[in-house]
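# Structural description and commentary
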Amino acid sequence: MDNLDNKNIFNNDLELLSESADSLFGDINLKPVKENKNNDKIITKNKGKKIDNNSNKNLKSNKKDKKHNKKTLNENKIEENNLNSKKNEQNLNLNNADNAEKENTSKKPKKVKKQLSKTAKLLIIIFVCLAVIGGAVTGLCLYFKSINKKLVTPTYQVIQRQTGTIISIDKIENATAYEIEIDSGSNQFKFTSTSNVIELKSYFNQPGTFTVKVRALGKTQKATSDFAIEQVLKNYVKLETPNVFRAGNIISWNPVENAKEYRVYYKANLNTGAIEYKVVEQNDLLIEFDLEQLNSFGAGLYPVCVEAIADSESYYLNSETSSTIDYVYTQVLAKPLSVTYHKLTKTLSFSVLKGNNNASHFKVAFTFTSDYSTKEFTLVASELECQENASGIITYTANFADFIENEVLNGSIFAVSDNIYQTNSEKVNVSMM
């Protein structure tokens, strides 16, 4: 028989079984196994000695104890398993209890509605009706209070233009319209407008003084504002424009009502920039004007138009000018008078009658005795020496000493035109002295 270690075989097996149970089921508190009095002796190794019969008996006894211990261990495992299953069952019961409690807390039990009595229902209906009526009455009171609130007095401007008069009113909150009153003394006009900008033509087509008043209209009479401060304005009306006709050199037109006189414009004054005109008096018959009256102003083009003039103390304005009629006057320039050439001083003198047909240039031609050749000279009136007497005769003097060397046989002179509305004067011979 082999030698055994001096360790306790049963104790070792128990420890191994215990470690296996711990690894499978956790720490298990095993009940202490009762010691077998027959197993008090420990099997030890006997070096060089044989085991006796008693040892064999002890070995058999130990085997029985080992079987008994295994049986006890199995029972302990079963008991432990039962304990663990009970613990698991308890934990499951606890979890179920917690879940049930949570479910109970999350799901509140429905309250059973109690049926109201007919009296309670009637009282609730009456209360609701009273509340609605009260709210409606309060709303109506507030509404009537708001619509009866007096509007602010408006401010406005009256702007007069040539095309008409404009009344511009500052907008008023909650105003439904604006009322305008116009009093001309003899007539009174009243009208309303939803716009705060009103352009008037028909109410201001008559001359005179007008009084204007404006107020804002509300939804009720109580809400209508007071009249703003009235404004007084003078309205001026232009006279009608004359309608002018022409027959030959005569123009005519019908009298314009309320005109004081007429102006016949014919040209612009280049020195002053003003437009020259002739005045024609008013009459009850057809009014005429002879265009040949303009001949005294000299040759030229006269764009003629007529304007009706109003009395400065009335409420009328001058009319627009009529359409233009062109009148053209052409003339022959005045010829030079008393033309004399002085051979000793080599000077030329001549005279012209002051008037609207005086020339600004003159042309002189001399023929010389030496070779009968002719030479022409142009004289500018403004560059010549001149003298004017009381009779309106202008005498010009031109010196040719620097221009003529030979003796003059004879000569001639004439006035030269410088525009299309004049023609040259006739040629005049020069007297030699």
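Residues numbered from 1 in each chain as written. Predicted model: local features only at pLDDT ≥ 70, side-chain atom pairs only at ≥ 80, totals over all residues. Heavy atoms only, no water.

Bringing the overall build of the protein into the picture now. Secondary structure summary: the protein contains three helices and 27 strands in total. Within the protein, the fraction of its 433 residues that count as buried is 29%. In the protein, the proportion of contacts linking residues at least 24 apart, taken out of those at least 6 apart, comes to 61%. Element-wise, carbon and sulfur atoms account for 51% of the exposed surface of the protein, whose accessible area totals about 30,400 Å². (Helix = DSSP H or I, 4+ residues; strand = E, 2+ residues; numbered from the N terminus. Buried < 20%, exposed > 50% of the residue type's maximum accessible area, 1.4 Å probe, protein only. Contact = heavy atoms within 4.5 Å. Areas by Shrake-Rupley, 256 points an atom, 1.4 Å probe, with all protein chains shown as cover.)

With that out of the way, let us pick up the sheet that holds strand β14 (residues 300–310). Read from one edge to the other, the open sheet built from four strands follows the order β12-β11-β14-β16, with strand pairing classed as antiparallel. A strand with exactly one partner marks an edge of an open sheet, and here the two such strands are β12 (275–281) and β16 (325–329). Here the average twist between neighbouring strands, direction ignored, is 30°. Pairing geometry for β14 and β16, over five bridges, is antiparallel. The residue of β16 that forms the bridge with Y302 is Y327. (Pairing = 2+ DSSP bridges. Axes fitted to C-alpha atoms, helices over the stretch in contact; angles between N-to-C directions.)

So, on to the pattern of salt bridges. Overall, the coordinates contain eight salt bridges when judged by the stated rule. Close ionic contact of K213 with E181 constitutes a salt bridge, the shortest N to O distance being 3.6 Å. Of this pair, K213 sits in strand β6 (residues 208–217) while E181 sits in strand β3 (residues 177–183); the two residues are 32 residues apart in sequence, bridging distant segments of the chain. Taking the relative accessible area as the measure of exposure, K213 reaches 25% and is therefore partly exposed. Counted as one network, the salt bridges with shared partners bring together E181, K190 and K213. (Salt bridge = Lys/Arg side-chain N within 4 Å of Asp/Glu carboxyl O.)

With that settled, consider the environment of F403. By the element assignment, F403 lies in the loop between β23 (393–399) and β24 (408–416). Sequence separation between F403 and K346 is 57 residues; the distance between their C-alpha atoms is 9.3 Å. Ignoring any residue separated from it by four or fewer positions in sequence, one finds F403 in contact with K375 and F377.

Strand order in the open sheet formed by four strands is β21-β20-β24-β26, and the pairing between neighbours is antiparallel. Each edge of the sheet is formed by a strand with only one pairing partner; in this case those strands are β21 (374–380) and β26 (428–429). Pairing geometry for β24 and β26, over two bridges, is antiparallel. If you follow S412 over to β26, its bridge partner there is N429.

Another aspect to go through is the confidence of the model for the protein. Looking at the protein, pLDDT values average 79 and 71% of them are 70 or higher. When mean pLDDT is taken per element in the protein, strand β10 (residues 250–253) scores highest with 97 and helix α1 (residues 9–25) scores lowest with 46. When the criterion is pLDDT under 50, residues 1–14 qualifies, and its contacts beyond four places in sequence or with other chains add up to 19 contacts. Every residue in residues 20–60 scores below 50 in pLDDT, and together they form 34 contacts with partners more than four places removed in sequence or on other chains. (pLDDT = per-residue confidence, 0-100.)

The next thing to look at is the packing of aromatic side chains. One pass over the structure, following the stated rule, counts 14 aromatic pairs. Ring plane angle 40° and centroid distance 5.6 Å describe the contact between Y236 and Y315, whose orientation is recorded as tilted. Here the residue Y236 occupies a position in the loop between β7 (231–235) and β8 (237–238), and Y315 occupies one in the loop between β14 and β15 (316–317), the gap between them amounting to 79 residues. Grouped by ring-pair contacts, the aromatic residues Y341, F366, F377, F400 and F403 constitute a single cluster. (Phe/Tyr/Trp six-rings, centres within 6.5 Å; stacked < 30°, edge-to-face > 60°.)

Most often, soluble globular proteins have nonpolar side chains that are buried together. Counting residues in each nonpolar core, the largest one holds 25 residues, and the members touching the most others are L348, F362, F366, L379 and F400. Among the elements of the structure, β18 (337–342), β19 (347–353), β20 (361–368), β21, β23 and β24 are those that each provide at least two residues to this core. Among the elements that line this core, the one with the most residues is β20, at four residues. Beyond its immediate stretch of four places on either side in the chain, F362 contacts P336, F350, V352, F377, T378, L379, A381, I413, F414, A415 and V416. (Core = buried A, V, L, I, M, F, W, Y, C linked by side-chain atoms within 4.5 Å.)

This paragraph deals with the side chain of Q422. Here Q422 lies in strand β25 (residues 422–423). Only 3.3 Å separates the side chain of Q422 from the side chain of Q331, close enough to count as a polar contact. Discounting residues that sit within four places of it in the chain, Q422 has contacts with A299, Q331, L333, N356 and S417. (Polar contact = N/O pair within 3.5 Å; in protein donor to acceptor, adjacent residues only side chain to side chain.)

This brings us to unusual backbone geometry. The backbone phi angle of S338 is positive, close to 50°, even though this residue is not glycine. Here S338 falls in the exposed class, since its relative accessible area comes to 59%. Even without a glycine there, the phi angle at Y372 is positive, about 60°. Within the secondary structure, Y372 sits in the loop between β20 and β21. Judged by its relative accessible area of 61%, Y372 is exposed.

Our next topic: the pairing of strand β4 (residues 188–193). The pairing of β3 with β4 spans six bridges and is classified as antiparallel. Each bridged residue has a counterpart across the sheet, and for E179 the counterpart in β4 is T192.

Taken together, L122, L123, I126 and L130 make up a surface patch of nonpolar side chains, about 400 Å² in accessible area. Residue placement: L122 occurs in helix α3 (residues 118–147). (Patch = residues over 30% accessible without salt bridge, like charges linked within 9 Å, V, L, I, M, F, W, Y side chains within 5 Å.)

In this structure, T347 sits in strand β19. The buried category is assigned to T347, whose relative accessible area is 14%. At a separation of 2.8 Å, a polar atom in the side chain of T347 contacts the side chain of T345. Contacts of T347, omitting those with residues within four sequence positions, involve T340, Y341, H342, T397, A398 and N399.

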